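# Residue-level structural notes
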Amino acid sequence: MKKLITICLALMTAVPTLAQTPVYLDESKPIEQRIDDAISRMTLDEKIAVIHAQSKFSSPGVKRLGFPDLWTDDGPHGVRPDVLWDEWVQAGQTNDSCVAFPALTCLAATWNPAMARLYGESLGEEALYRNKSVMLGPGVNIYRTPLGGRNFEYMGEDPWLASRMVVPYVKGLQSKGVAACVKHYALNNDEEYRHQVNVIVSDRALHEIYLPAFKAAVQEAEAWSIMGAYNLYKDQHNCHNNIMLNKILKQDWGFDGVVISDWGGCHDTDEAVKNGLDLEFGTWTDGLMMGKTNAYDSYYLADAYKQGILSGKYSTKELDEKVRRLLRLFYRTTMKKNKPFGFLCSDSHYEAALKIAQEGIVLLKNEKVKKSKGEKMAAPLLPIDVTKTKRILVVGENAIKMMTVGGGSSSLKVQREILPLDGINVQCSMFNVQCDYARGYVGDTIQSYNGVTVGRSLYETRSQAELTAEAVEKAREADVVIFIGGLNKSNHQDCEGHDRLSYDLPYAQNEVIEAILKVNPRLVYVNISGNGAALPWIDKVPAVVQAWFIGSEAGEAIASVLFGDVNPSGKLPFTWYASLDQCGAHALKAYPGTWREGHKIIDEEYKEGLFVGYRWIDRLKVKKSKGDKVKSEPLFAFGHGLSYTTFQYGKVTADKSSLTADEQITFTVPVTNTGSRAGAETVQLYIRDVESSVERPFKELKAFSKVFLQPGETQQVSLTIDKSALSFYDDKAADWTVEPGDFEALIGPSAGQIVTRYSFHLQ
Ligand code: BGC
């Protein structure tokens, strides 16, 4: 009897425990075991449901089992305001104003991985507050042509720089329990015809230039999701591309996360089933194109897939694999216990946005200029010397235009955005400097974008002649003229969906600048953009600043650099060409490609191969022959950026002069701050393969380090590489390889200025 009571008691205690904690909810069990258990409990309908959208930005969890819906959102510069469930119209919430962080070109220009970590963490905290589990970003497509409409959302032209910056961004974001969705995988390098471009690229260029940042995000940062690109590769859309997704991403790189289609990037059930797509979003079967609402059942991975399974066309093998990946994402995000709550628009996020903006602004040019004809050479124009400045004139529409709106899916609704003119006004009033403004030209007068009304009216009725005359008259009287121009995120001006129409600055900017220069040469040109542009008056303008689209704190960041509160330390993440013919894609007329018959597909062959950005510039220099018309000096080299102090590089040494393939080699170079104020310098190491069996770029960035130096201070800057920095992708072996022989380490402050070199040998 006693025994029977014991057994009953044991059963009574055991049964509720089992009922309470099924394996899939048991946190003490390994995730894969929990996934197996969850899959075994899911119905076919539940499985089909989790692999496609249910609204513009959400997909369902599994209600019956307690998995919440999955909410995604753009990305990548802040958390986008909510749209309605099934329409692109703003939901009109009052709790979704965010902090806008600087666009990713600016982040890349900091050349500071710590800034990328800060960026990811801050964005993650904003996303958590808004209950978003997947942020649609960051973007790491390579800056191949300066016409690229979305370059501003990416991290520049160099695979190494983009890799070093994407890893901490993803890690920072995911440390908060929010998934990164790294985009747009892959070869989405121009926006024009983005749904129809079929990219033809060599395997070497693919692996050496276009894939490394994605690979680093997957293998080093362990990104939990990735977004397929709109375009095609080998005649197959990248959202269901067998080579890109099954072979490279999942098989070779071991990606265990979720492949999400770009919105409307899925086109075929069969390919979507078999070629590695896991989660379908934005297919054009609803309000977007065909006016049919609630059409999510018509998605390629919805009813059509289910019917295919029921009829025996497909087994459930692929479905279970997709569901497994989704469940893994759920456990990493929505099902993650003890997640912080996150917060929106905190002081710490504004501070992060400001810091990143200040570190990313690039001082491109800063020459001495005479104040008046009789005067001796004065100091450089920047930072503005408030003791000698009574009147400042600010010219240009971009001084008063909100830049956190526009540009496509990265457009934001911010709690605040400090405009450049407002930031400059604050500085001027602190020092009793009179600050005047002239519009100069009219670009984009749209008053509202995506439901966000601009803070300052851009309405204008005056003619161009009147605007120019006003700017010139006011400039006559000014001690310094600050022209704030560039692009503006309106259509064809750094905006998703289309590329730029030309390399020139738009509107009447050049004309106004030339007119001002005739009466006042003390002009600072501040360029707002994510791309370079032709600057035909460059020799006449003493100071040029690249200020990107830098988010909520734009005005304060720009003013702090112009007035010298901050010593600029940004470096260009791309080559700033003097003209388009210095860019390989254009020199070889490879852009935008050739339409096939029927005008449905445009083939774009990346004829320049590996020679993107500075790699092409170096090639121009190496191969230059007499009579070549194209100038080989760009306006500003990749990696270029000045400071208000000066740096001197000593001679590079190394810990060895010969290494085996298993060893590392460390180069050390002393760098001294030779000026009178504290500043930061990014020391760049490029590797040159002296002799190779294949054609290689003259040099390639393989390490860099940003050092902060007090006046007079010297630091020994060490940069370590291993054989991966010496390798190339062998297309015959379909793998990376390294050849023994002589190499050179080239070190300097930019790709255009190598100041010390070291020869070494790989055994
Ligand atoms: C863009 C993506 C974006 C998505 C959702 C697409 O048009 O290409 O980058 O994340 O829309 O807004």
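Notes on the structure follow.

### Here's the deal with the packing of aromatic side chains
Scanning the entire structure with this criterion turns up 32 aromatic pairs. An angle of 35 degrees between the planes, with centres 5.6 Å apart, marks the rings of Phe-57 and Trp-263 as tilted. Taken together, the positions of Phe-57 in the loop between helix 3 (44–50) and strand 1 (58–59) and Trp-263 in the loop between strand 9 (258–260) and helix 10 (269–274) put the pair 206 residues apart, joining distant regions of the chain. Here Phe-57 and Trp-263 have matching classes, each one buried.

### Quick look at the pairing of strand 17 (residues 543–546)
The two faces of strand 17 match: Ala-543 and Val-545 on one face and Val-544 and Gln-546 on the other face are all buried. Relative to strand 17, strand 10 (residues 362–366) runs antiparallel, the two sharing four bridges. If you follow Asn-366 over to strand 17, its bridge partner there is Ala-543.

### Details of the site of the ligand
By nearness alone, 14 residues border the ligand, and Asp-74, Arg-150, His-184, Asp-262 and Glu-496 come closest of all. Taking His-184, its side chain carries an N or O atom lying 2.8 Å from an oxygen atom of the ligand. Here an oxygen atom of the ligand and a side-chain polar atom of Tyr-230 are 2.9 Å apart. For the ligand, whose accessible area on its own is 310 Å², the fraction buried by protein is 95%. Grouping the constituent residues of the shell around the ligand by class yields five nonpolar, two polar and seven charged.

### What to know about unusual backbone geometry
In this structure, the amide linkage connecting Gly-75 to the following residue, Pro-76, adopts the cis form with an omega of -10 degrees. Cis peptide bonds are those with omega within 30 degrees of zero, and the linkage from Gly-137 to Pro-138 qualifies with 5 degrees. As for its placement among the helices and strands, Pro-138 is situated in the loop between strand 3 (134–135) and helix 6 (159–174). In this model, Asp-494 sits at a positive phi of 75 degrees, which is unusual for a non-glycine residue. Tracing the chain through its elements places Asp-494 in the loop between strand 15 (480–486) and helix 16 (509–519). Within the chain, Ala-734 stands out as a residue other than glycine whose phi angle is a positive 55 degrees. Inspection of the secondary structure puts Ala-734 in the loop between strand 27 (728–730) and strand 28 (735–737).

Rules used throughout
- Residues numbered from 1 in each chain as written.
- Predicted model: local features only at pLDDT ≥ 70, side-chain atom pairs only at ≥ 80, totals over all residues.
- Heavy atoms only, no water.
- Phe/Tyr/Trp six-rings, centres within 6.5 Å; stacked < 30°, edge-to-face > 60°.
- Helix = DSSP H or I, 4+ residues; strand = E, 2+ residues; numbered from the N terminus.
- Buried < 20%, exposed > 50% of the residue type's maximum accessible area, 1.4 Å probe, protein only.
- Pairing = 2+ DSSP bridges.
- Near = heavy atom within 4 Å.
- Polar contact = N/O pair within 3.5 Å; in protein donor to acceptor, adjacent residues only side chain to side chain.
- Areas by Shrake-Rupley, 256 points an atom, 1.4 Å probe, with all protein chains shown as cover.
- Nonpolar A, V, L, I, M, F, W, Y, C, P; charged D, E, K, R; others polar.

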